[in-house]
Amino acid sequence: RPVLQKRSPRSETQEMSLIGLKESALKLILFGGKGGVGKTTCAAGAGVFLAGDFKTLLLSTDPAHSISDSLGQQIGDAITEVKDVKNLSALEINAEKALSEFKIEYEEEIKKILDTSTNLDQDDIESVFSLSIPGLDEVMGFKTIMDLMDEGNFEKYIVDTAPTGHALRLLTMPQLLDDWVKMLAKLRWKYRYMIKTFSGQYAPDEADDFLLNMKKTVKKIEGLLKDQNRCEFIAVTIPEDMAIQETSRLIHSLGEYGVQVKQLVINNVIEPRDCDFCRERRKEQEKYISQIRKNFANLKTTLSFLRPREVKGINALSAFALQLAQGNPVSRMVV
């Protein structure tokens, strides 16, 4: 559970900006939370802001991609330069396409493992190879991110994650991939044992190289996610009971996997104004804001006020980005 700590009083002005985004060591920034709380706008705003100083890639792993709508530009599953923002590109990851490309690239190795390590005939192997393995689409989504980071064409990678359940599967994919590799390695070990028993020696081949490389990929991804200097997950919520409960489960689950959340955006906060509705609505929100501050006392919180217009398009995102990172006036965030 989140560790409760005594918290020194702060004004809302002091709590209206994220910190540390420009740290040069920080490469991967993920925004996540319940559906509809503003993850996409946070991610897009952070991308616009960081592009002022870093070559930045904005990515979406949400199957219902919203980055195109947020930027006011069609993005798709190929890296696309964002119009009117120097140094910013975007990509909506197609996990099914990534999985298909993975199968094509490693078809020979995977089929060889199945062929030499099981009693399956060629038709059975083809059937197994074509199966959809639960969770493997999320695995391929993150593998795509890692491959892009390995290419080193960008300095910052900002990720708009899917709603909580999908995001957790994405971030726990090292375990999913590790289990998958272990299963294949177990099959391969039996084959190796048989060969050594009957011939006295075993020469590793491309199938063994494939398993070794996949194991290294698992360790690399796991190391990145748990490295607080290189990777940060920023939770986004709104001052409502269901959203807070889901945020609590998200942060707790991430902590169990070694991914520590340090910052939290509270979105759609009613700005204090001289109107009865605003006062009453803000009064209702205050109890939830206080609950968030109590439950997540060890997190840096950033308040974002509700505004009458959506944040869509580069101009609106630029204005929002300044608030998100510098505490300047804010616009409404919507997904």
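Residues numbered from 1 in each chain as written. Predicted model: local features only at pLDDT ≥ 70, side-chain atom pairs only at ≥ 80, totals over all residues. Heavy atoms only, no water.

1. Structural notes on the confidence of the model for the protein
Summarising the model, the protein shows a mean pLDDT of 81, and 79% of its residues fall at 70 or more. Predicted confidence is poor over residues 1-14, with pLDDT under 50, and the contacts of this stretch with residues over four places away or in other chains come to 22 contacts. Residue range residues 328-335 is modelled with pLDDT below 50. Its contacts to residues more than four positions away, or to other chains, number 39 contacts. (pLDDT = per-residue confidence, 0-100. Contact = heavy atoms within 4.5 Å.)

2. Structural notes on the pairing of strand β7 (residues 261-269)
The buried fraction of β7 amounts to eight of the nine residues, a majority that puts the element mostly inside the structure. As defined by bridge partners, β7 adjoins strand β8 (residues 300-305) across five bridges and the pair is classed as parallel. Within β8, the position partnered with V265 by the bridge is T302. The β-α-β motif built from β7, the intervening helix α10 (residues 276-295) and the parallel element β8 has right-handed crossover chirality. (Buried < 20%, exposed > 50% of the residue type's maximum accessible area, 1.4 Å probe, protein only. Helix = DSSP H or I, 4+ residues; strand = E, 2+ residues; numbered from the N terminus. Pairing = 2+ DSSP bridges. Right-handed = clockwise from strand over helix to strand, strands pointing away.)

3. Looking at the pattern of salt bridges
Once their charged atoms are close, side chains differing in charge can pair, the charge on each being opposite to the other. Across all of its chains, the model carries eleven salt bridges by this definition. K112 is paired through a salt bridge with E206; the nearest N and O atoms lie 3.1 Å apart. One end of the pair, K112, is in helix α3 (residues 95-117); the other, E206, is in helix α8 (residues 206-225), and 94 residues separate them in sequence. You can call K112 partly exposed: its relative accessible area is 26%. With a closest N to O distance of 3.2 Å, K143 and D147 form a salt bridge. Within this pair, K143 and its partner D147 are both found in helix α5 (residues 136-151), separated by four residues, close to a single helical turn. (Salt bridge = Lys/Arg side-chain N within 4 Å of Asp/Glu carboxyl O.)

4. Re the state of the cysteines
Scanning all chains against the criterion turns up one disulfide. There is a disulfide in this structure between C275 and C278, and the S-S distance comes to 2.4 Å. For the disulfide bridge between C275 and C278, the dihedral angle about the S-S bond is near 95°, and by the sign convention the bridge is right-handed. (Disulfide = S-S within 2.5 Å.)

5. Quick word on the pairing of strand β6 (residues 231-237)
Burial analysis of β6 places seven of its seven residues in the buried class, which makes it a mostly covered element. Residue alternation in β6 divides its side chains into two sets, C231, F233, A235 and T237 and E232, I234 and V236, and both sets are buried. The pairing of strand β1 (residues 28-33) with β6 spans six bridges and is classified as parallel. The partner of G33 across the bridge, within β6, is V236. Pairing of β6 with β7, which is carried by five bridges, proceeds in the parallel orientation. Across the sheet, the residue bridging to F233 is V261, located in β7.

6. Structural notes on the sheet that holds strand β3 (residues 80-81)
Here we have eight strands laid out as an open sheet, ordered β3-β4-β2-β5-β1-β6-β7-β8, and mixed in their pairing. Looking at which strands have only one partner, the edges of the open sheet turn out to be β3 and β8. Of the strand pairs in this sheet, strand β2 (residues 56-60) and strand β5 (residues 156-160) are connected by five bridges, and their pairing is parallel. Within β5, the residue paired with L58 across the bridge is I158. Those strands touched by helix α1 (residues 39-50) are β1, β2, β4 (88-92), β5, β6 and β7, and its axis lies near 165° from that of β5. (Axes fitted to C-alpha atoms, helices over the stretch in contact; angles between N-to-C directions.)

7. Considering the environment of I234
Relative to the helices and strands, I234 is located in strand β6. Taking the C-alpha atoms as reference, I234 lies 9.4 Å from Q260; in sequence the two are 26 residues apart. Ignoring anything within four residues of it in the chain, the contact list for I234 reads L18, L21, I29, L30, F31, G32, Q263 and V265.

8. Looking at the nonpolar core
Residues L28, L59 and Y157 are the most contacted members of the largest nonpolar core, which totals 37 residues. Excluding residues that lie within four positions of it along the chain, L28 makes contacts with F142, I145, M149, Y157, V159, L224, R230, C231 and E232. Counting 36 residues, the second-largest nonpolar core is a separate cluster that includes L26, L50, A243 and L324. (Core = buried A, V, L, I, M, F, W, Y, C linked by side-chain atoms within 4.5 Å.)

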